[in-house]
Amino acid sequence: METISIDKCLHMDRVIFIDVRTTKEFEEGTIPGAVNVPIFNNEERAYLGHTYKNVNKITAKEEGFEIASHKLPEIYAKIKKAAKGYSKIVIFCWRGGLRSKSIATVISLMHLPAYQLEGGYKAYRTYILKDFERRLTLPSPYIVLHGYTGCSKTLLLKALEKAGMPVLDLEGLANHRGSVFGGVGLGEQPPQKAFESYVYDKTISLDDSLVFVEAESSKIGRRVVPAYAINHIKTGIHVLVNLDKEIRIQRLLDDYMETNGTFEENLSFIKNSLTTIKSYMSNHDYNLMNEYIENGNLHDFVGLLLDNYYDPMYKKWKKYYGTFDYEVDSSDIDIAVRELIEIFNKESKIPRKG
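Each value, and the rule that gives it
- Residue positions within a chain follow its written sequence, with the count starting from 1.
- Given that this is a predicted model, residues contribute local features only at a pLDDT of at least 70 and side-chain atom pairs are listed and counted only at 80 or more, while totals for whole chains, interfaces and linings are drawn from all residues.
- Calculated side-chain values reflect all of the structure's heavy atoms, with hydrogen atoms and water omitted.
- For Phe, Tyr and Trp, where Trp contributes only its six-membered ring, two rings pair if their centres lie within 6.5 Å, and the inter-plane angle classes them as stacked under 30 degrees, edge-to-face over 60, or tilted in between.
- Helix and strand labels come from DSSP, where a helix needs a run of H or I of at least four residues and a strand needs a run of E of at least two; each type is numbered from the N terminus.
- Note on classification: 1.4 Å probe, protein chains only; a residue is buried when its accessible area is under 20% of the maximum for its type, exposed when over 50%, partly exposed between these limits.
- Remark: a charge is flagged as sitting over a ring if the NZ atom of Lys or the CZ atom of Arg is within 6 Å of the ring centre and within 35 degrees of the ring normal.
- Residues belong to a common nonpolar core when they are buried Ala, Val, Leu, Ile, Met, Phe, Trp, Tyr or Cys residues joined through side-chain atoms within 4.5 Å.
- Should a side-chain nitrogen of Lys or Arg be within 4 Å of a carboxyl oxygen of Asp or Glu, the pair is scored as a salt bridge.
- Patch definition: residues with relative accessible area over 30% and no salt bridge; like charges joined within 9 Å; nonpolar side chains (Val, Leu, Ile, Met, Phe, Trp, Tyr) joined within 5 Å.
- All accessibility values rest on the Shrake-Rupley procedure with a 1.4 Å probe; residue burial counts only the protein chains present in the view.
- A positive count includes Lys and Arg, and a negative count includes Asp and Glu. His and the chain ends are not counted in either.
- Throughout, a charge is located at the NZ atom of Lys, the CZ atom of Arg, the CG atom of Asp or the CD atom of Glu.
- Strand pairing is defined by DSSP finding a minimum of two bridges between the two strands.
- Here, axes are lines fitted to C-alpha atoms. For helices the fit covers the stretch in contact, and angles between N-to-C directions go from 0 to 180 degrees.
- Throughout, a contact is declared for two residues whenever any of their heavy atoms are within 4.5 Å.
- Orient the strands so they point away from the viewer, and a crossover whose first-strand-to-second-strand path over the helix runs clockwise is right-handed.

Chemist: So what exactly am I meant to see when it comes to the packing of aromatic side chains here?
Modeler: A ring pair, where both rings are aromatic, is described by two values, the distance of the centres and the angle of the planes. All told, the structure shown has 12 aromatic pairs when counted by the stated rule. Ring geometry for Tyr 148 versus Tyr 314: centroids 4.9 Å apart, planes at 55 degrees, classification tilted. Highlighted residues: Tyr 148 in the loop between β6 (142–146) and α8 (153–162) and Tyr 314 in helix α15 (residues 298–321), separated in sequence by 166 residues. Here Tyr 148 falls in the partly exposed class, since its relative accessible area comes to 23%. In this structure Tyr 314 comes out as buried when scored by relative accessible area, which is 9%. Plain terms: the ring middles of Phe 181 and Phe 301 are 6.3 Å apart, the flat faces sit at 85 degrees to each other, and that makes the pair edge-to-face. One end of the pair, Phe 181, is in the loop between α9 (170–174) and α10 (192–205); the other, Phe 301, is in helix α15, and 120 residues separate them in sequence. With a relative accessible area of 3%, Phe 301 lands in the buried category. Positioned above the aromatic ring of Tyr 121 is the side chain of Arg 21, whose terminal nitrogen or guanidinium carbon lies 4.4 Å from the ring centre.

Chemist: Sorry if this is basic, but what is going on with the nonpolar core here?
Modeler: If you look at soluble globular proteins, the nonpolar side chains tend to sit buried side by side. Within the largest apolar cluster, 37 residues are counted, with the highest numbers of intra-cluster contacts made by Phe 17, Ile 31, Tyr 142 and Ile 233. The next biggest cluster of nonpolar side chains, apart from the first, holds 23 residues, and it includes Ile 249, Ile 277, Leu 298 and Tyr 310.

Chemist: Honestly, unusual backbone geometry in this entry has me stumped. Any pointers?
Modeler: Keep in mind that most residues, glycine aside, have a negative phi and that most peptide bonds are trans. Here Arg 14, not a glycine, exhibits a phi torsion of approximately 55 degrees, which is positive. Turning to its location among the elements, Arg 14 is positioned in the loop between α1 (6–10) and β2 (15–19). With a phi angle near 55 degrees, Asn 175 is a residue other than glycine that sits in the positive phi range. Secondary-structure assignment places Asn 175 in the loop between α9 and α10.

Chemist: Any chance you could explain the pattern of salt bridges here in plain terms?
Modeler: A side chain of one charge can pair with a side chain of the opposite charge if their charged atoms are brought near each other. Applying the stated criterion across every chain, the model contains 13 salt bridges. Each of Asp 131, Arg 134 and Arg 135 takes part in one network of salt bridges that share partners.

Chemist: Would you mind showing me how to read a negative patch on the surface here?
Modeler: Where like charges cluster on the molecular surface, the negative patch consists of Asp 244, Glu 246, Asp 300, Asp 329, Asp 332, Asp 334, Glu 339 and Glu 342. Broken down by element, the negative patch gets its largest block of residues, three residues, from helix α16 (residues 333–348). Along the chain, Glu 246 falls in helix α12 (residues 245–257).

Chemist: Could you clarify how one ought to interpret the sheet that holds strand β7 (residues 211–214) in this entry?
Modeler: Paired through backbone hydrogen bonds, the strands of a sheet run either parallel or antiparallel to each other. Spatially, β7-β6-β10-β11 is the arrangement adopted by the four strands of the open sheet, whose pairing is parallel. Each edge of the open sheet is held by one strand with a lone partner, namely β7 and β11 (326–329). For this sheet the average axis-to-axis angle between neighbouring strands, irrespective of direction, equals 30 degrees. Looking at chain direction, β6 and strand β10 (residues 237–242) are connected through four bridges and run parallel. Bridge pairing in β10 links Leu 145 to Val 239. Across the sheet, α8 touches β6, β7 and β10, and the angle it forms with β7 is around 160 degrees.

Chemist: Sorry if this is basic, but what is going on with the pairing of strand β5 (residues 114–117) here?
Modeler: Burial of the side chains of β5 extends over both faces: Ala 114 and Gln 116 are buried on one face and Tyr 115 and Leu 117 on the other. Pairing of strand β1 (residues 2–4) with β5, which is carried by three bridges, proceeds in the parallel orientation. For Thr 3, the partnering residue across the bridge sits in β5 and is Gln 116. Here strand β4 (residues 88–92) runs beside β5; their pairing, made up of three bridges, is parallel. When the sheet's bridge partners are listed, Ile 91 is paired in β5 with Gln 116. Handedness of the crossover joining β4 and β5 through helix α6 (residues 98–109) is recorded here as right-handed.

Chemist: Help me out: how do you make sense of the sheet that holds β1 in this one?
Modeler: Taken together, the five strands give an open sheet; going across it, the order is β1-β5-β4-β2-β3, and neighbouring strands pair in parallel fashion. Every other strand in the sheet has two partners, leaving β1 and β3 (35–36) as the edge strands with one partner each. Pairing analysis gives five bridges linking β2 to β4, with the strands arranged parallel. If you follow Ile 18 over to β4, its bridge partner there is Ile 91.

Structural data, given as structure tokens:
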């Protein structure tokens, strides 16, 4: 059984990562693409941890060995199945300790190409956070789409990606639209560590290229955007996306209502979210918005919401950037995409300054 560094295995082909931590640890964050084959379940891990700290280290190891020994045939079968088609199996736990070492040893004895990840998942986290810091010093590779709420920035990103252009969809990775109402119908956001891993994994796949992104604040829902990405957004190439208000309203309705969950559940979420921004509007407008929701008059609700909350907020945001490098109109998505690709091709020929 050999060990391997995170730097080396992240740059190798046909590698599969096997996370032998508990499902709870796995769900909080893992290496993107890793397969979870836990040695212990959540309860067993908690019990062994308590025994290790409060009873006796040797006792904890012996009981852990007893629990794991009965599972080894099943663990081996799962790893063998998951590793089909891969040339290297990298097994990791939290810090590169006994869990990953024991399983990597067993898998190696069965003549499968297994490695233990040096430092485990903790080493991976340290690696990506250091790379995030390094990227703070790099020139921005971002072409940043700005515009009033509902001007189809996300729709443009999806169309650009479909056209084969490099896109970093931060809101998609965060499973949130980035506004007070951004979680309507989308379910839970990924944990912070998982979100950061998704961003890193996508970022390294887009290296050495300009990348289309949407202008974001430091948080998307409850998830904090890595500082380097926010810095690149601020210093990138800025494109203002324009769209008539009536079309914005309709596209917002299409986006927010055609999501998971029932119509009633989504309306309830919207109504609850409205209470969080009550202080930004008059009582008259707040009560009128609630009346529109109750009556199912979503068109007028969205229009009033844009007038009283989103548009005034964006006007302040817009002043921060001053002038924009380019402007496009998104009333016809296909035409807007062609114009954005032209901008990409033009800017790709210009050296980025550090």
